[in-house]
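Spelled out from the first residue to the last, the chains are:
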Amino acid sequence: MLLIWNRPGFNEELTEQDRTALFGEVDKIMEELTETGELVGGQALANPSQTLTVRLVNGNTEVVDGPFMESKEQFAGYLTVECDTPQRAAEIAARWPDVRHGGAMEVRPIMDEAGTEM
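The rules behind the values
Residues numbered from 1 in each chain as written. Predicted model: local features only at pLDDT ≥ 70, side-chain atom pairs only at ≥ 80, totals over all residues. Heavy atoms only, no water. Helix = DSSP H or I, 4+ residues; strand = E, 2+ residues; numbered from the N terminus. Buried < 20%, exposed > 50% of the residue type's maximum accessible area, 1.4 Å probe, protein only. Contact = heavy atoms within 4.5 Å. Areas by Shrake-Rupley, 256 points an atom, 1.4 Å probe, with all protein chains shown as cover. Pairing = 2+ DSSP bridges. pLDDT = per-residue confidence, 0-100. Salt bridge = Lys/Arg side-chain N within 4 Å of Asp/Glu carboxyl O.

A. Here's a closer look at the overall build of the protein chain. Regarding its fold elements, the protein chain presents four helices and six strands. Counting from the amino terminus, helix and strand elements in the protein chain follow one another as β-α-α-β-β-β-β-α-α-β. The buried share among the 118 residues of the protein chain stands at 25%. Here the contacts in the protein chain between residues at least 6 apart in sequence split such that 67% fall between residues at least 24 apart. In the form shown here, the protein chain has an accessible surface area of approximately 8300 Å², with 52% of it arising from carbon and sulfur atoms.

As structure tokens, then:
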């Protein structure tokens, strides 16, 4: 799974031309992954301001607004890809335009249904 991390609001900081170019890059990558059969799925997430976090605090369930921690980067979406190697997944992640705009892509194997081996 490729987890997309970026600064909230960075898209709004871009000019319309830059935003169009960025989404054009995303479309191109998604098209290529669809053609190669590597794309399994993916989705962008809503604004972090719509997040609820649930924790157990002093034996009581607590529900609070917002992401679970303060950070410069927040989880913004994900792609699920099926690749031959982790290096191939990292190659795909390195091309994601958010990375050039201060974001990051986390490449993480998905746990096999049979157990904890990955």
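B. Highlighting the pairing of strand β5 (residues 74-81). With six of eight residues buried, β5 lies mostly within the body of the structure. Looking at chain direction, strand β1 (residues 2-6) and β5 are connected through five bridges and run antiparallel. Counterpart to isoleucine 4 in the pairing with β5 is glycine 77. Relative to β5, strand β2 (residues 39-44) runs antiparallel, the two being bridged by five bridges. Within the sheet, the bridge partner assigned to alanine 44 lies in β5 and is glycine 77.

C. Representation of unusual backbone geometry within the structure. Positive phi is not limited to glycine here, since asparagine 58 has a value of about 50 degrees. Following the sequence through the fold, asparagine 58 ends up in the loop between β3 (52-57) and β4 (60-65). Given a relative accessible area of 75%, asparagine 58 falls into the exposed group.

D. Examining the confidence of the model for the protein chain more closely. Summarising the model, the protein chain shows a mean pLDDT of 87, and 90% of its residues fall at 70 or more. Ranking the elements of the protein chain by mean pLDDT puts β3 last with 84 and helix α2 (residues 16-36) first with 95.

E. Structural view of the pattern of salt bridges. Evaluated as defined, the whole model comprises seven salt bridges. As a salt-bridge pair, arginine 7 and glutamate 13 come within 3.2 Å of each other at their nearest N and O atoms. Among the residues examined, arginine 7 registers a relative accessible area of 30% and is labelled partly exposed. For arginine 108, the salt bridge identified is with glutamate 106, shortest N-O distance 2.4 Å.

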